[in-house]
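Below, each chain spelled out in residue letters.
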Amino acid sequence: MKAFLRLMGGVCVVWKLSVQALSETYKIVSTARKRSLTMDDERLVINTFRFSMSGFPLRLLHIQKNTEKTTCNSRVTRKQGLRRFKSIFWWFFTTKIFIKKWWELSRRRSFSSQNGADGNEAMMWRRLPRRKLLAVTHSGKALRALKPYSLYLITLKILFCVCLAHARQSSSPEAAHGVALSTDSVKPIQIGDTVPETLWHMPLQMVKAGQEGSTTVKLNNYRGKLIILDFWATWCTVCLASFPKIDSLQQRFSNEVKILLVNASESADRVRARLPLKRRTMTVDMVYEKEVLRRSFPFRSIPHHIWIGSDGKVVAITSGNNTDTRSIRSYLNEQKIALPTKVDLQDFDPKTPLWLEGNGRHLDKLTGYAYVMRYIPGIPNSFQKEVDSLGRLRSIRTGNRSIADLYSILVGGLEWYNNPFNQANRIILETKKPAALQLPKDKARWDDWKREHYYVYEMSVPENYQGDGADLMRQDLERYFPYTGKLEDRSVPCLVLSTNKRHNDSRTKAEKPRVLKQGSSLALINQPLEVLIRILQKQLKALNLPIMSEQTRSFNLNLTLNMETTSLNQLNRELAAYGLVLKKQKRKIPMLVIRDKEVKQ
C-alpha cells in the first residue's frame, strides 16, 4: 500500500511539473506572437538536442540566427524567450534529480526490509556508493521497480520535446507573419514609404459587410489594388455621415479599390450595438481593435485616410473629404495623386496654452488676442498703446492696474495720461462691495490690497481691424469682471475755473511752449489751459473735487505758481494776478459710473 501511495505521489509530482513546463512554453509562444512580427526573416534553428538517462545532459549544441531585417524590439524578445527556455531546462533537471533521489532512497529501504537487515545494516546500505547499489539492485524485483522510474523520465522528456517543437514551429517565418506587432517598436509610415511585409501579413479582425460574426483577413489579400484605410469611430459624426459616400465608392471601384473602415479603439460588439442598421446595408468591410495600424499611421483627429498604392507604397495621407470619385479616377489613370496632406501634431499638448505650446511654435499664426492676469510683482502700473503709421490701433497693455483704472482708460479714449477720469473724484461707485474698487484709506494695507485687486490687461487687434478698440476692450472687461462702467452726466460739487474783469490774455505764440520748475515755483510758458487745470487738480487733491473750465474755447497762457500752495484761498490770490479765479459750484458733468453686473436669471 505504501509503495502504491509513493508511486501515485511521484506521478502527481511529474504531472504537475509537466503542466508547469507546458504552460511556461505557451507563455513564450504568446510573447513571441506579440513582439516578433517585425522580423522579416528571423528564425531560431535548434539543431541538436542530446538526451541522456543518467546525468545532466540535455545539451543545446547550437542556436543559429539568420537575420535580414529586425526591429529594436526583436533582440529583446529573443533574450526574454531564451531566459524562459532556460527556466524550463532547470525545471526539467530539478524534476529528474528529484525522481532519481526518491527512487534510490526507496530502493535502499526496500532492499533493507526484504533482506531483514537491522538498523546498522540499513545504514550500511544507505552509505553504499551509487555504482555498487545499482549493481546489487539490478536483479529481479529491483528491475521491476526500475520500470516506474524509467516511465516517469521518458514521459517527462516526451512532453518537454513536444513543447519545444511547438515553440520552434511558432517562431518560424511562416508563423511570424501571423503574430502581432509590438506597439512599442512600430515606426510611423510616411508618404512615399513602402508598407513592410509584416504589416501586409498581419491578421486583421474583420466583420464582413452584411454578415454576423468576424473573420481574419490580411492586407496582402488586396495587394495590387488601391487600398484606402478609413480610420473612424462611432462618436465621430463626420465619419458616420461619410459612410454612404464611402459605400458607393467601394461599389463603383470594387475591382480596382479596396476600402477598409478601421476602428482602432472600439470592439465589434460596441460598433454593432451603435450601428446595427447601417452596418447591415453597407458593402465596406470593417476592421476592429488593431492598435498596430494606428501606431503605423498615427493621427489625432478623424476621419483619417491612408492611400496605399498598387506598388505597396503610401501615396497619400489626407482627410475624409478628399476621398471622392475624381481623386480615385485620377490615381487609377495616372498612378499618382496630389492631395492635401493631413498634418497631425503627435506631440501636441492640449493642456498647454497655445502661445506656450511647443515652445511658442504657433506664435507666427497669432492674429489677435486679449487676456487678463492677476497682479504681477515687480512690474510698474504702466500703460502702453501702440498704433501703426496710419494711426490705427494695434495693441494696448497695462501694468498692474485696478478695475476702476481699466474702466477709466476705456471711457477716457483708451488713454491714461491727460485722462480726466483717472482721478477718484471723477468716479462714482454704485456697487455692493466698493472696497474692491478703490484703495483703502489706511496706507499700511495698500500692498495687500494691490496683490488682491490689481490686474494686468493686454489686447492685440487683428491687422484688418478698423475701429478704435473701445468696443473690444469693453467686451473683455465685462467678460472677465462682474462690473459695467459707462459715462453719465451727474450733478456734483466741483471747482470751476473762470476769468475776472482783470483777465489779461497773455498768449505768446512766438515763444516755445515749455514748463520750467525752479525750487517751489512752476512757470508755464505758452501752455494751454488744460495743463493748468491738471496742475491745479494735483495741488488741490485734498479737496477731492473735480476742476472744470468755464471757458468755451481753449487758449494758451503764461503764469508762475507756487507749488507749495495747497489752500484754495491762497491759490486764488496767485491766480488773481492773471485774471483767473476758482469757485466752488455744483455742475452737471460727465462721471464714470461703475455698477455691479446684472445677473441674468
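The following refers to the structure shown. These numbers come from a predicted model, not from an experiment. Sequence order as written defines residue numbering, which begins from 1 separately in each chain. Given that the model is predicted, a residue must reach a pLDDT of at least 70 before its local features are reported, and side-chain atom pairs must reach 80 or more before they are shown or counted; all residues, however, enter totals for whole chains, interfaces and linings. Values shown for side chains rest on all heavy atoms present in the structure; no hydrogens or waters enter the calculation.

## Structural notes on the pairing of strand β17 (residues 483-499)
- Of the pairings in the sheet, the one linking β17 to strand β22 (residues 580-596) comprises 17 bridges and is antiparallel in character. From the neighbouring strand, valine 496 faces β22, where its bridge partner is lysine 583.
- With three bridges connecting them, β17 and strand β20 (residues 547-549) associate as parallel partners. Bridging from a neighbouring strand, leucine 495 pairs with isoleucine 547 of β20. Two strands are counted as paired when DSSP detects at least two bridges linking them. The helix count covers DSSP runs of H or I at least four residues long, the strand count covers runs of E at least two residues long, and both are numbered beginning at the N terminus.

## Details of the layout of surface pockets
- Here the largest pocket is characterised by a volume of approximately 1,700 Å³.
- At the level of elements, α14 (403-411), β15 (427-430), α15 (446-453), α17 (529-539) and β20 are the ones that each hand at least two residues to the lining of the largest pocket.
- A total of eight residues in the lining of the largest pocket trace back to one element, the largest contributor, which is α17.
- Here the nonpolar group is Ala, Val, Leu, Ile, Met, Phe, Trp, Tyr, Cys and Pro; Asp, Glu, Lys and Arg are the charged ones; every other residue, Gly included, is treated as polar. Looking at the lining of the largest pocket residue by residue, the class counts come to 24 nonpolar, 15 polar and 10 charged. Cavities and pockets were defined on a 1 Å grid built over protein atoms only: a cavity is a set of grid points that admits a 1.4 Å probe from which the probe cannot escape, a pocket is an open set flanked by protein on both sides within 12 Å along at least five of seven lines, and lining residues are those with an atom within 4 Å of any such point. Grid points are joined across faces, edges and corners, and a volume is the space filled by probe spheres set on the points.

## Quick word on the environment of tyrosine 465
- Position of tyrosine 465 relative to the elements: it lies in the loop between β16 (455-460) and α16 (470-480).
- Here's how the labels work: a residue is buried when its accessible area is under 20% of the maximum for its type, exposed when over 50%, partly exposed in between, all with a 1.4 Å probe on protein chains only. Among the residues examined, tyrosine 465 registers a relative accessible area of 13% and is labelled buried.
- In this structure, the C-alpha to C-alpha distance between tyrosine 465 and glycine 368, residues 97 residues apart in sequence, is 9.9 Å.
- The contact partners of tyrosine 465, leaving out residues within four places of it in the chain, are Arg394, Asp471 and Leu472.
- Polar contacts here mean pairs of N or O atoms no more than 3.5 Å apart (in protein, one a potential hydrogen donor and the other a potential acceptor; neighbouring residues in sequence count only if both atoms are side-chain atoms). A distance of 2.6 Å separates the side chain of tyrosine 465 from the side chain of aspartate 471, its partner in a polar contact. The criterion used for residue contact is that any of the two residues' heavy atoms lie within 4.5 Å.

## What about the sheet that holds strand β13 (residues 383-387)?
- Here four strands make up an open sheet; going across it, the order is β12-β16-β14-β13 and the pairing antiparallel. The strands lining the two open edges of the sheet, one partner per strand, are β12 (369-374) and β13. With direction set aside, neighbouring strand axes in the sheet form an average angle of 10 degrees.
- Examined bridge by bridge, β13 and strand β14 (residues 393-398) share five bridges and lie antiparallel to one another. From the neighbouring strand, glutamine 384 faces β14, where its bridge partner is arginine 397.
- For helices, the fitted line uses only the C-alpha atoms of the stretch in contact; every axis is such a line through C-alpha atoms, and the angle between N-to-C directions lies from 0 to 180 degrees. Along the sheet face, α16 touches β12 and β16 and points at about 140 degrees away from the line of β16.

## Brief notes about the sheet that holds β20
- Read from one edge to the other, the open sheet built from four strands follows the order β15-β22-β17-β20, with strand pairing classed as mixed. In the strand order of this sheet, the two ends are held by β15 and β20, each with one partner. For this sheet, the mean inter-axis angle between neighbouring strands, taken without regard to orientation, is 35 degrees.
- Along the sheet face, α17 touches β17, β20 and β22 and points at about 160 degrees away from the line of β20.

## Thoughts on the packing of aromatic side chains
- Aromatic rings from Phe, Tyr and Trp, with only the six-membered ring used for Trp, were paired whenever their centres fell within 6.5 Å, and each pair was classed as stacked if the ring planes differed by under 30 degrees, edge-to-face if by over 60, and tilted otherwise. One pass over the structure, following the stated rule, counts seven aromatic pairs.
- Measuring from centroid to centroid gives 6.3 Å for tryptophan 355 and tyrosine 371, while their planes differ by 25 degrees, and the two rings are stacked. With tryptophan 355 in the loop between α13 (325-334) and β12 and tyrosine 371 in strand β12, this residue pair connects regions lying 16 residues apart in the sequence.
- Judged by its relative accessible area of 46%, tryptophan 355 falls in the partly exposed class.
- Residue classification places tyrosine 371 among the partly exposed residues on the basis of a relative accessible area of 23%.
- Taken together, a centroid distance of 5.8 Å and an interplanar angle of 80 degrees make the contact between tryptophan 449 and tyrosine 454 edge-to-face.
- Overall, the relative accessible area of 8% leaves tryptophan 449 in the buried class.
- The class for tyrosine 454 is buried, based on a relative accessible area of 8%.
- Working rule: Lys NZ or Arg CZ, within 6 Å of ring centre, within 35 degrees of ring normal, means a charge sits over the ring. Above the plane of the ring of tryptophan 200 lies arginine 223, whose end atom (NZ or CZ) is 4.3 Å from the centre.
- Here arginine 401 stacks its cationic end above the ring of tryptophan 416, 3.9 Å away from the centre of that ring.

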